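Architecture and fold: a report
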Amino acid sequence: MATKIYKGIPVEVNEEGYFVNPSQWTPEMAAEIAREMNINLTEKHYQVLDFLRQRFLQGETLTIRSVGKSGIVDVKEFYQLFPGGPLKNACRIAGIPKPVSCI
Amino acid sequence: MKNIVIVGAGTGGTLMANKLARKLNLSEWNIIVIDPSEHHYYQPGFLFLPFQYYNEQQVVSKTKSFLPRKVQYLQTEAERLDGENKKIILKSGEEISYDFCILATGTHPRPDQTPGLTGNLWRKNIFDFYTLEGALALQKFFSTWQGGKLVMAVAEVPIKCPIAPLEFVLLADDFFTRKGIRNKVEILYATPQTGVFTKPVATAMLSNLLKERNILVETEFYIEKIDNEKKSIVSYDGREISFDCFTVVPVNMGSEFIARSGIGDDMNYVPTNKYTLQSEKYPSVFVLGDAANLPASKAGSLIHFAAETLTANLLAVMKGGQPEMKFDGHVNCFLESGKKQATLIDFSYDTEPLPGQYPLPVIGPFQLLKLTRINHWGKLIFKWLYWNFIIRARPIPIPSRFSMKGKKLVK
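How each quantity is defined
- Residues numbered from 1 in each chain as written.
- Chains lettered and ligands numbered in written order.
- Predicted model: local features only at pLDDT ≥ 70, side-chain atom pairs only at ≥ 80, totals over all residues.
- Heavy atoms only, no water.
- Helix = DSSP H or I, 4+ residues; strand = E, 2+ residues; numbered from the N terminus.
- Rg over C-alpha atoms; globule rule 2.2 N^0.38 Å.
- Buried < 20%, exposed > 50% of the residue type's maximum accessible area, 1.4 Å probe, protein only.
- Contact = heavy atoms within 4.5 Å.
- Areas by Shrake-Rupley, 256 points an atom, 1.4 Å probe, with all protein chains shown as cover.
- Lys, Arg positive; Asp, Glu negative; His and termini not counted.
- Charge placed at Lys NZ, Arg CZ, Asp CG, Glu CD.
- Pairing = 2+ DSSP bridges.
- Buried area = accessible area lost by both parts, 1.4 Å probe.
- Salt bridge = Lys/Arg side-chain N within 4 Å of Asp/Glu carboxyl O.
- Axes fitted to C-alpha atoms, helices over the stretch in contact; angles between N-to-C directions.
- Core = buried A, V, L, I, M, F, W, Y, C linked by side-chain atoms within 4.5 Å.

Considerations on the overall build of chain B
On a plain count of helices and strands, chain B comes out with 7 helices and 24 strands. Radius of gyration (C-alpha) of chain B: 21 Å, near the 22 Å computed for a compact globule of 411 residues. Based on the C-alpha atoms only, the size of chain B along its principal axes is roughly 65 × 50 × 40 Å. Out of the 411 residues belonging to chain B, those deemed buried represent 60%. Long-range contacts, defined as pairs at least 24 residues apart, comprise 67% of the intrachain contacts of chain B with a sequence gap of at least 6. Surface summary for chain B: the accessible area is close to 16,600 Å², and the carbon and sulfur share equals 51%. In chain B, 48 side chains carry a positive charge and 40 a negative one; their mean positions are 8 Å apart.

Put into structure tokens, the structure is as follows:
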């Protein structure tokens with residue numbers, strides 16, 4: 001557990017930088033987190049982040065495939081928006097836990 | 001008469017039909033099972049076919065022979081569920097009303113979901129072993145193969161029997177070693193996940209095991225397509241792995257029946273209360289096993305353990321009560337590693353696989369997260385248990401509830 005400051009607000013994050021409390025997240029913080037990962041957020045990025053947060057708050061399991069079926073981006077574009085592990089990177093920027101498969 | 005309709009006669013549906021035939025007053029309840037398949041498969045046995053441990057006869061039987069006589073079996077396809085009007089519409093248009101329904105429609109390999117997978121090389125150099133046909137085609141291929149690069153990949157998670165692809169590469173190592181051509185076979189395991197398993201303690205143990213066996217691992221490899229010309233698999237982030245023989249667990253999806261009924265998620269899994277096993281949408285519908293969107297492994301052992309909770313809750317609701325028993329996500333799997341050894345993992349929603357003994361502390365006889373000969377015998381005996389006890393819902397001396405007895409916490 002650690003504390004980070006995003007947009008001047010202290011936020012609790014885990015050892016991998018994921019928000020412990022997703023309700024602390026704001027869209028403005030997202031831009032800052034993204035910059036740490038060398039990503040500049042565009043409108044498309046935000047649409048994906050909204051989709052992920054919505055699905056997460058509904059208690060659904062997040063998968064790359066479901067983002068690909070969202071109508072916002074296809075899987076290829078998802079990889080281009082969030083290079084090097086799109087789902088885990090997008091979730092970190094969206095202030096929600098790292099998705100884990102439950103096998 | 002009131003109707004309880006079970007859709008699907010695989011492990012879950014067959015087991016529930018047997019359980020309910022014993023528990024329900026059959027002068028009051030009519031049990032109806034719907035499944036188009038003439039055959040019941042011992043699916044864990046498919047993995048052993050390519051390596052000639054089993055033959056076809058040992059893994060196939062008649063669906064009908066495992067259903068109690070007092071159960072009405074409709075060997076036909078169900079078109080969709082109408083949850084508002086509590087009925088199942090069959091392909092023929094016939095409608096079956098239900099008072100309660102159990103969905104046990106499973107999960108199914110969908111090679112059509114990956115571009116190029118079912119192209120020219122399908123079942124020539126590319127094989128699935130989650131179907132009888134695929135496993136037998138691979139058996140034939142391996143019997144004359146002189147070696148080359150063997151690539152095993154998982155296209156998407158979740159899949160049923162999540163450790164089967166790991167067992168596959170370990171058994172392949174053993175098989176080609178025994179054939180004396182292991183030095184001519186390169187084995188690589190590619191997974192979309194960040195490690196060979198999801199939970200830390202088991203991942204560490206299994207990673208070491210693969211290393212010892214000289215099996216290469218490529219993680220976070222999410223397959224975009226198969227290039228049949230170049231004989232390679234290509235990931236979304238542009239990595240490319242060439243192969244001489246490619247074995248794949250295709251994308252797994254819930255039944256099309258679930259999609260047609262409009263009750264599934266993106267992958268056709270039914271949103272289900274993970275504790276009560278009741279459908280989130282319709283209280284008179286319960287969901288068993290792979291068909292449900294539970295945050296747990298899709299595995300036969302889970303079905304066996306969950307069936308107890310489902311039965312208790314179904315009986316309670318039938319009497320007008322509340323579904324009070326809570327499923328704990330208990331699942332266990334033998335992992336066959338070749339060389340006449342196996343390991344066992346036992347876990348739940350809340351507890352990751354840990355080392356120790358199972359089911360009894362000290363005595364075992366099974367060792368968790370450790371390769372032993374007894375575990376291997378356990379795996380082999382399991383086939384006999386499956387056909388004679390598990391799907392016939394006869395009691396076995398393994399508690400359904402997950403327990404920490406015999407387990408050691410790892411720091």
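So much for the structure itself; the text now carries on.
So, the pairing of strand S6 (residues 78-82) of chain B
All names here are of chain B. Two strands pair when backbone bridges link them, and S6 and strand S7 (residues 87-90) are joined in this way by 4 bridges, in the antiparallel orientation. Bridge assignment links Ala78 to a residue of S7, and that residue is Leu90. Between the antiparallel neighbours S6 and S7 lie 4 residues, among them Lys86 with a positive phi of about 50°.

Side note on the environment of Tyr189(B)
Checked against the element boundaries, Tyr189(B) lands in strand S13 (residues 185-190). Once the C-alpha coordinates of Tyr189(B) and Gly338(B) are considered, the two residues, 149 residues apart in sequence, prove to be 16 Å apart.

Observations regarding the interface of chain A and chain B
Interface extent is often summarised as the accessible area lost during association of the parts. Contacts between the two partners involve 14 residues from chain A and, on the opposite side, 21 residues from chain B. In this assembly, chain A packs against chain B so that about 1,800 Å² is buried in total across both faces, 54% of it on carbon and sulfur atoms. Across the contact surface, chain A and chain B share 4 salt bridges. Linking Arg65(A) and Glu156(B) is a salt bridge whose minimum nitrogen-to-oxygen distance equals 2.7 Å.

Quick notes on the sheet that holds S13(B)
Residues and elements named next belong to chain B. Taking strand neighbours across the sheet as the criterion, the 5 strands line up as S11-S18-S12-S13-S14 in an open arrangement whose pairing is parallel. Either end of the sheet is taken by a strand with one partner, and the two such strands are strand S11 (126-128) and strand S14 (215-218). The average angle at which neighbouring strand axes cross in this sheet is 20°, direction not considered. Direction of pairing for strand S12 (residues 148-154) relative to S13: parallel, over a ladder of 6 bridges.

Observations concerning the nonpolar core
Ranked by size, the top nonpolar core spans 123 residues in total, and within it Ile88(B), Leu103(B) and Phe142(B) carry the most contacts. Looking at this core, the element that brings in the most residues is helix H6 (residues 300-318) of chain B, giving 10 residues. Filtering out sequence-adjacent residues up to four positions away, Ile88(B) remains in contact with Val5(B), Val7(B), Ile34(B), Ala78(B), Arg80(B), Leu81(B), Glu94(B), Glu95(B), Ile96(B), Tyr98(B), Cys101(B) and Phe257(B). Tyr6(A), Met29(A), Ala34(A) and Ile39(A) belong to the second-largest nonpolar core, a separate cluster that totals 35 residues.

Side note on the pattern of salt bridges
Residue and element names in this part refer to chain B. Under the defined criterion, the tally for this structure stands at 26 salt bridges over all chains. Taking the shortest distance from any N to any O, the salt bridge between Arg123 and Asp128 comes out at 3.2 Å. Taking the relative accessible area as the measure of exposure, Asp128 reaches 2% and is therefore buried.

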